[in-house]
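The primary structure of each chain is shown beneath.
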Amino acid sequence: MTESPLQSPFLIEATARGFVFQCTDLAALDAAMQAGPVTGYIGFDPTADSLHVGSALQIMLLRLMQKHGHRPIALMGGGTAKIGDPSFRDDARSLMTDEMIAHNLRGIEASLRQFITFGDGPSDAVLANNGDWLDKLSYIDLLREVGVHFSVSRMLSFDSVRQRLDREQGLTFLEFNYCILQSFDFRELNRRYGARLQMGGSDQWGNIVSGIDLVRRTDQTQVFGLTAPLLTTSSGAKMGKSAKGAVWLSAGKLPVFEYWQFWRNTEDADVGRFLKLFTDLPVEECDRLAALEGASINEAKKVLATEATALCHGREAAEEAAETARRTFEQGATIAAALPSRDFPATELAEGAPMFRLLVAAGLAGSNGEARRLVRGGGARLNDVVVSDENRVVTEADLVDGALKLSSGKKHHVLLRPGA
RNA sequence: GGAGAGAUGCCCGAGAGGCUAAAGGGGGCGGACUGUAAAUCCGCUGGCGUACGCCUACGUUGGUUCGAAUCCAACUCUCUCCA
């Protein structure tokens, strides 16, 4: 890549913040974006009723477009979701019903609205669903009209395909068609909304390029592709997984406090990168924070956590999470009202309940056995005191301010309240 | 349609009649060290019971055995090569 200086504010900032991995024609895209607003899109699969942080990067990219006056489109894969994701085999329920998809779309839309503004204005975002055109597609028409433009040998050369074949994993025809459908989407969005740019993770490169080719061949229009780096942490782990599983964007699936904690626990080496990608702070400020050394980089992590959380859940909720964390971790953890809490039958407490049972009731252990092991391993605490006897009987006498504070390790705390 | 190979716990992957709830690794959880980080080290990692124990588990269903993840049969699915 040559060092041709970029002109358009969007590309300049996207590059500076580390969003750009590859681009089909950076110079031409830059010129187009200089000339006027460009409509660009990213696809999201409605395989769950919430997106997770893995998608946050793409959302931020859309957000950045909007910031610079371009028009972002969030394309929901309502149509493609119906074939199910073929990479999950042995899964009979991979075929999603219309209701499931509709439900998922609603959940995802809610998250997207936190980050970008939808509407009818020139740079207002558009929410599209490829089910609108894919559902009524005729197979024969598709073959005649689109199929002729695809070269099988070309598709076979794609890394994504090649790897699968090399690993002897096989590839169904269905899966093979993703590329075609995605290309079709691009053309459709170009025709309907004038979309000239498709963005996505670097694993989407092949599909994006195919779409560009299709649009050029059938509509003689030049469109662009831009991919973002595939995110991993510095230690090589995939982004988006945390202790409890996926890091969801919707508060219903992951408490705001946990979301904040996810960012708070970022590895040192990732702080600068993440600040640039997942917050709106100026690049210089990100660099300054990331340059903090030793323990003081914790301050940068708190900023990252609060800023990233504010984007997803609102400023107020983010501050609240920050405050909860401060009290819990920095003030030796008295009972903070904002800790997750659960109800527990008061009658059991009246009779006295063994520690291991309470851990299960609190959701800190998945089974009695797991709870026992947790105690044996020295990781269980009641009201901040380590409990070493798994059968330790807990009664009303142990209540502090009307609740029991149970902990698994240092980071997971739950308030158990006696109730109905 | 034909010929081979395979299906093991969250994932990968050993096991080839009893000592196997099943090696090893990854992941996860807990502990130590720290800075709510990383790296490192240690412990745990199917369910139920305080426990000798019981139950569930090696694709599915039957069978052979005192005894099967391991042998046999059929079936299902996956992969490879040929047509």
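- Going by what an unreviewed UniProt entry lists, chain A is known as Tyrosine--tRNA ligase and is assigned to Tanticharoenia sakaeratensis NBRC 103193.
- Regarding chain A, the UniProt comment filed under Catalytic activity (unreviewed entry) reads as follows: "tRNA(Tyr) + L-tyrosine + ATP = L-tyrosyl-tRNA(Tyr) + AMP + diphosphate + H(+)".
- In the Subunit (unreviewed entry) part of its UniProt record, chain A is described as follows: "Homodimer."

**Observations concerning the UniProt feature "short sequence motif: 'HIGH' region" (unreviewed entry) in chain A**
Then comes step 1: The residues that UniProt annotates with the feature "short sequence motif: 'HIGH' region" (unreviewed entry) are residues 46-55.
Then comes step 2: Across residues 46-55, helical content stands at 30% and strand content at 0%; the span's end C-alpha atoms are separated by 12 Å.

**Points about the sheet that holds strand 2 (residues 39-44)**
Then comes step 1: Pairing in this open sheet of six strands is mixed, and the strands run 1-6-5-2-3-4 from one edge to the other. The open sheet is flanked by strand 1 (22-23) and strand 4 (126-129), the only strands paired with a single partner.
Then comes step 2: In the sheet, strand 2 pairs with strand 3 (residues 71-76) via six bridges, with the strands oriented parallel. When the sheet's bridge partners are listed, glycine 43 is paired in strand 3 with leucine 75.
Then comes step 3: Sheet contacts for helix 3 (residues 53-67): strand 2, strand 3, strand 5 (195-201) and strand 6 (224-228); angle to strand 2, the most-contacted strand, approximately 165°.
Then comes step 4: In the packing of helix 11 (residues 205-219) onto the sheet, contacts are made with strand 1, strand 5 and strand 6, and the angle to strand 6 comes to roughly 170°.

**Remarks on the nonpolar core**
Then comes step 1: Ranked by size, the top nonpolar core spans 68 residues in total, and within it Phe10, Phe44, Leu112, Leu197, Met199, Trp263 and Phe278 carry the most contacts.
Then comes step 2: With nine residues, the top contributor of residues to this core is helix 3.
Then comes step 3: Two domains share this core, each providing at least three of its residues, namely domain 1 (9-230) and domain 2 (255-338).
Then comes step 4: If you look at the next biggest cluster of nonpolar residues, it comprises 26 residues, including Phe158, Leu189, Ile208 and Ile212.

**A word on the packing of aromatic side chains**
Then comes step 1: Tallied over the entire structure, the rule returns six aromatic pairs.
Then comes step 2: Between tyrosine 41 and phenylalanine 186, the ring centres sit 5.4 Å apart and the planes meet at 65°, which makes this aromatic pair edge-to-face. Here tyrosine 41, found in strand 2, pairs with phenylalanine 186, found in helix 10 (residues 178-193); they are 145 residues apart in sequence, far enough to count as distant. Assigned by exposure class, tyrosine 41 and phenylalanine 186 land together as buried.

**Some remarks on the domain arrangement of chain A**
Then comes step 1: For chain A, the assigned domains read domain 1 (9-230), domain 2 (255-338) and domain 3 (341-418).
Then comes step 2: Taken over C-alpha atoms, the centre of domain 2 sits 29 Å from the centre of domain 3.

**Regarding the confidence of the model for chain A**
Then comes step 1: Taken as a whole, chain A shows an average pLDDT of 86; of its residues, 89% reach a score of 70 or greater.
Then comes step 2: Here residues 85-94 is modelled with pLDDT under 50, and outside its nearest four sequence neighbours on either side it reaches eight contacts, counting other chains as well.
Then comes step 3: Across the whole predicted complex the pTM is 0.86, and at the interface the ipTM reaches 0.86.

**Quick word on the pattern of salt bridges**
Then comes step 1: For the structure shown, the criterion picks out 22 salt bridges.
Then comes step 2: Measuring nitrogen to oxygen at the nearest pair gives 3.2 Å for the salt bridge that ties lysine 302 to glutamate 299. Taken as a pair, lysine 302 and glutamate 299 lie in helix 15 (residues 297-313) at a separation of three residues, close to a single helical turn.
Then comes step 3: Looking at lysine 302, the relative accessible area reads 22%, which means it is partly exposed.
Then comes step 4: Look at glutamate 299 and you get partly exposed, because its relative accessible area is 44%.

**Examining a nonpolar patch on the surface**
Then comes step 1: A contiguous nonpolar patch, built from Tyr139, Ile140, Leu143 and Phe173 and spanning about 450 Å² of accessible area, is present on the exposed surface.
Then comes step 2: Broken down by element, the residue count for the nonpolar patch peaks at three residues, all from helix 6 (residues 139-145).
Then comes step 3: Relative to the helices and strands, leucine 143 is located in helix 6.

Conventions we followed
Numbering of residues begins from 1 in every chain and follows the order in which that chain's sequence is written. Chain A is the first chain written and ligand 1 is the first ligand written, with later ones labelled in order. pLDDT decides what is reported in this predicted model: residues at 70 or higher carry local features, side-chain atom pairs at 80 or more are listed and counted, and totals for whole chains, interfaces and linings draw on all residues regardless. As a convention, hydrogens and water are excluded, and side-chain values are obtained from all of the structure's heavy atoms. UniProt positions are given in the numbering used here, feature names are shortened, and annotations may be inferred rather than shown by experiment. For the purposes of this entry, the term helix denotes a DSSP run of H or I that reaches at least four residues, the term strand denotes a run of E that reaches at least two, and both are numbered from the N terminus. For two strands to be treated as a pair, DSSP must find no fewer than two bridges joining them. Here a residue-residue contact requires only that any non-hydrogen atoms of the pair lie within 4.5 Å. An axis is simply a line fitted to the C-alpha atoms; with a helix, the fit covers only the stretch in contact. Between two such axes, the angle follows the N-to-C directions and lies from 0 to 180 degrees. Grouping buried Ala, Val, Leu, Ile, Met, Phe, Trp, Tyr and Cys residues that are joined through side-chain atoms within 4.5 Å yields what is termed a nonpolar core. When a residue's accessible area, from a 1.4 Å probe over protein chains only, is under 20% of the maximum for its type it is buried; when over 50% it is exposed; and in between it is partly exposed. Residue ranges labeled as domains rest on an automatic or database domain assignment. Stacked, edge-to-face and tilted are the three classes for Phe, Tyr and Trp ring pairs, Trp counted by its six-membered ring, which pair at centre distances within 6.5 Å; planes under 30 degrees apart are stacked, over 60 edge-to-face, the rest tilted. Known as pLDDT, the predictor's confidence for each residue is given on a scale from 0 to 100. Throughout this description, the term salt bridge denotes a Lys or Arg side-chain nitrogen within 4 Å of a carboxyl oxygen of Asp or Glu. Patch membership is restricted to residues that have no salt bridge and whose relative accessible area is over 30%. Joining uses 9 Å for like charges and 5 Å for the nonpolar side chains Val, Leu, Ile, Met, Phe, Trp and Tyr. To measure how exposed things are, a 1.4 Å probe is used in the Shrake-Rupley method; for residues, cover is taken only from the protein chains shown.

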